[in-house]
Structure formats: C-alpha cells, structure tokens
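Residue-level structural notes
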Amino acid sequence: MIDDEELVICRCEEVTKGEILEVMEKGAETLNEVKRLTRAGMGLCQGRVCRRLVMQIYCQNVGKKPEEIKPTKYRPPVRPLPIETLASGVKSIELDPDYEGI
Amino acid sequence: MGSMSMLTTDVAVVGAGPAGLYAAIEAAKAGAKTTIINEYVEPGGQLTKQIHKFFGSKEHAAGVRGIDISAKLLGSIDELKVEKRMGTLVWSIFHSNILAIAHNGKSEMLRANKIILATGASENAFAFPGWTLPGVMGAGAAQTLINLQRILPGNRVLMVGAGNVGLIVAFQLLQAGSEVVAVVDALPYISGYCVHSAKIARAGIPILTSHTVKKAYGEISVEGVMVVKVDNQCKPIPKSEQDMKVDTICIAVGLTPLVELAWLANCRFTWVASLGGYVPLYDDKMETTVKGIYVAGDAAGIEEASTAMEEGSIAAISAVESLGLMTQQRAYALRAEAYERLRSFRIGPFGKLRDQGKQFIWRERQKYAERI
C-alpha cells in the first residue's frame, strides 16, 4: 500500500516514490535503468532495505509480477568498505600465479 | 601490509547461524579443513537471540532454547578445530571459488575448494508515511536490542505482522517490559503458529487482522500511529482509522533470502514467493548451478532454524563427498536420513507450502540441467 508520491523509498539515497515513477514515465524500462537514473539501491545498504519496495513500485507500474521482470544487478563490494580496505586485498590477487583477471 | 599469498581452505562456510554451524561441524567431522566466516563478531546468528524454547521433535531440539542450541554448536566448532573468522565481511566472490573477505580494515582473498553460503535473510521493509521516523524498526532489530543488548526500544509498541516473527517478538517485548498496544496484520487471518498467538491473546494484547498502518506521526520520533482496517483487496476502508499512541513500531512483514554472493557468482535464480523471493536454483545436494557453491538455510528459501540445520548438514555432506572425504554410499545414507527428518518438519499448512517451493526449485534446477 504505497500511494504517497512524497514517500521516501530509498533511505540511503533519499529517493521518493514520485522520483521512481518520474524516471519510468521518462522512459526507464528496466529495474536497472530505474536504479541508475534515481540511485535507489546504490547507497550504503546496497538496496538491502529498498530493493523489494522499488521492485513492488516497478511491478505495479508496468503491471507485471516479480517473476516476469529482470532484477537489478549486484556488484561488489556487497558491503560498505573503505577504499583503503579494498585496496589492501588487491595485491594478494595480483601476485597469485593462478590469477586470471577479475 | 596486505598478505602476499592467498588464504586457502577446503570448505568455506559463510554465515555462522544454524545452517552454517551445522555445515561447518559436518565438514570438519569428515576431515575437511573448514573455515567459518561471520559478519557479526559473535557467532550463532538468530539463535543467539532466541530465548524461547523450540518445539517439534527431539531431533530438532524440541524444548531447548535457541540460545542454548547455539552454545552447544559453538562448543563442537571449537572441538573440531574449525577456523573461525568472526567480525569478517565477505564483500565479493571471484572465479566462483575465491571469497574476498575483510576484517579489521584488511582485505584478503580466501580460496576454497567448496563454498557453502549460509547467509540467512534480511527483514522486509514496509513503506508508509512516517516510516523513516526514529522508532520504526524491524522486529528482528527490536529483538536484538532486548535479548542481546538489553536495551528496551520503547515503552509502547505496535507490532506490524502476525506471523511467527511478529508474535514471538511481541511477546518478548512484553517480557522485557514494553507495553505492546496491538499486533496488526493486513491478512484476514493470523499466519503464525497458534502456540505463539495464544501467548499474545492470554496477555490480553489484541491481534487485529485485516488491519494495516496508514501513517506514523511525530515531531522528531514516533508519537503515534494511524491504523486502518482493510478489505480483502488490501484497500483501506474509509472511516475505520484508529489512532494509537505508541513510541515504537516494529515491522515483521516477512524476510528475503540474503543471497548477494550467489548473484555475484552467477548462480541461476528463480522467484518463489512462498520462500521469500529470489532463491538460487539447487539440487538435492544443495549445490547451486555453479559447481562447488552450495546454499543452506534461509539463503535457500525462508524456513526455520530446524530446517536450516538439516540443510547445512546436507550441503556439507555433499561438499565432502565431492572432495573425496566421504564415500558415496555414506553420503547418500546421511542425506536420506536428513531428508527423512526434513519431511517430518515440512508438514502442516506452512510446511507443505515450503515443501512445494523446494520441489519447484528442484524441478527448475532439473530443467536448467537439461537445457545446458
């Protein structure tokens, strides 16, 4: 029961339901496009809170069921980490003889 | 400085909840070098905050409190010399066998011959005007506050959701000293077990079915909530609003399998509403469509601690069998026993729905195997 356009859906990036509907009206066809245009799901929690809500709004709007649509793509890191921490691990991949590239 | 070589292990288990602990124990018992990784500093997952007694059969630890089950499992983990990496994040998975882990500001790569994803679930959000006010929280969060951190989240609570999580946490909030004003659910019936709803009823707390939250209000935090009656299409019925003065609103509207790592590993998925949403395809060995990656517990579809334990065992038995540490015959026999116990649990209206969900996954897995 989400009907208020002012309703904040993605708390991390402060994206409202109205903003999600607006990009869809302007031509965003897939959930990935909605994500990239609004940044909903691209904040600290990486969509763990809003992913389902965005999907519900999207499904309602296009009149499809969740099983009929393509979900948004996941990308590493799937947990918030300082760049310094991420960088500390790169060396160990590069120096591994079996490293084939990521 | 970052480590110059990669860490290695036979079996890496991600998540130290009921599924992960059982998986690690089973793998280590078979002689596999086993590493268990957990995001939170304390292992045990949801078990550590489950102060209520389990029910069911003896094999499923009926009559024992979740927190005591956890302590026993952790004892076995130590006895079997499982390598514990607690307070450690897994931030990615590369080449389907390398886990990128981070602990204390240092990131390392762990190569594992087999990976068991027992990453559990996350709580579903429920968006209504005012849901971002302080005082609105997941029921699981409230349970962590009272049972682990001994902090009362508020004095007057509305519980949204009359499933097992909502009913159990509502009762535990009452035990902790909060006043629970009501439990509401948009469904026209109570979906949790009777044993839990009866406790709520005996405490005199109204369970309002066909009711939902219209909005929460308050200056800087929740001061009250407007609850509204809904029809069978979930549409609000005009003039049925009730104003309840509460400072806390707990949300227990279902769980979603937490499977980011399986997505990153390119596992195939399917949508199963009765199991909480997208679930990776897996076979009767709990192996996903990516060889060497297994799932167990809520990550394989939302169920319960007891079923999670069995699935953890099945995944680990299959992993060690594949590593050549257990004969096919023995693995087959152990899996059959585990499935026998699972069958005894997957009965009744809830169990049946989940059983059907699991069978749907196996069929989809089979179809996928035939396609490639």
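In this report, we go over the structure that sits alongside the text. (Residues numbered from 1 in each chain as written. Chains lettered and ligands numbered in written order. Predicted model: local features only at pLDDT ≥ 70, side-chain atom pairs only at ≥ 80, totals over all residues.)

Moving on, we get to the overall build of chain A. The helix and strand inventory of chain A stands at four helices and two strands. When the helices and strands of chain A are listed from N to C terminus, the series reads β-β-α-α-α-α. The buried share of chain A, taken over its 102 residues, is 28%. In chain A, the proportion of contacts linking residues at least 24 apart, taken out of those at least 6 apart, comes to 49%. (Helix = DSSP H or I, 4+ residues; strand = E, 2+ residues; numbered from the N terminus. Buried ≥ 20, exposed ≤ 12 C-beta atoms within 10 Å, placed from the backbone. Contact = placed C-beta atoms within 7 Å.)

It is worth spelling out the overall build of chain B at this point. When you go through chain B residue by residue, the secondary structure sums to nine helices and 19 strands. Taking 372 residues into account, the globule formula puts the C-alpha radius of gyration at 21 Å, and chain B, at 21 Å, falls close to it. The principal-axis extents of the C-alpha atoms in chain B amount to approximately 65 × 45 × 40 Å. Expressed as a percentage of its 372 residues, the buried residues of chain B come to 52%. In chain B, 65% of the contacts between residues at least 6 apart in sequence involve partners at least 24 apart. (Rg over C-alpha atoms; globule rule 2.2 N^0.38 Å.)

Here we come to the packing of helix H1 (residues 18–29) of chain B against helix H7 (residues 305–322) of chain B. Residue and element names in this part refer to chain B. Axis separation between H1 and H7 bottoms out at 7 Å; the angle between their running directions is 35 degrees. Handedness of the H1/H7 crossing: right-handed. Facing H1, whose interface residues are Pro 18, Ala 19, Gly 20, Tyr 22, Ala 23, Glu 26 and Ala 27, H7 presents Ala 305, Ala 308, Met 309, Glu 311, Gly 312, Ser 313, Ala 315, Ala 316, Ile 317, Ala 319 and Val 320. Across the contact of H1 with H7, the residue classes tally to 13 nonpolar, three polar and two charged. (Axes fitted to C-alpha atoms, helices over the stretch in contact; angles between N-to-C directions. Left-handed = near helix turned anticlockwise from the far one by under 90°. Nonpolar A, V, L, I, M, F, W, Y, C, P; charged D, E, K, R; others polar.)

Residues and elements named next belong to chain B. Strand order across the open sheet formed by five strands is S8-S15-S9-S10-S11, with parallel pairing between neighbours. Edge positions in the sheet fall to strand S8 (136–138) and strand S11 (207–209), since each has one partner strand and no second. Averaged over all pairs of adjacent strands, the angle between strand axes in this sheet comes to 20 degrees, irrespective of strand direction. Two strands pair when backbone bridges link them, and strand S10 (residues 179–185) and S11 are joined in this way by three bridges, in the parallel orientation. Note that in S11 the partner of Asp 185 across the bridge is Thr 209. Where helix H4 (residues 164–176) meets the sheet, it contacts strand S9 (156–160), S10 and strand S15 (248–251), and its direction lies at approximately 170 degrees from that of S10. (Pairing = 2+ DSSP bridges.)

All names here are of chain B. Strand S4 (residues 89–94) sits mainly inside the fold: five of its six residues count as buried. Sheet topology note: the S4/strand S5 (residues 98–103) ladder contains five bridges and is antiparallel. For Leu 89, the partnering residue across the bridge sits in S5 and is Ala 102.

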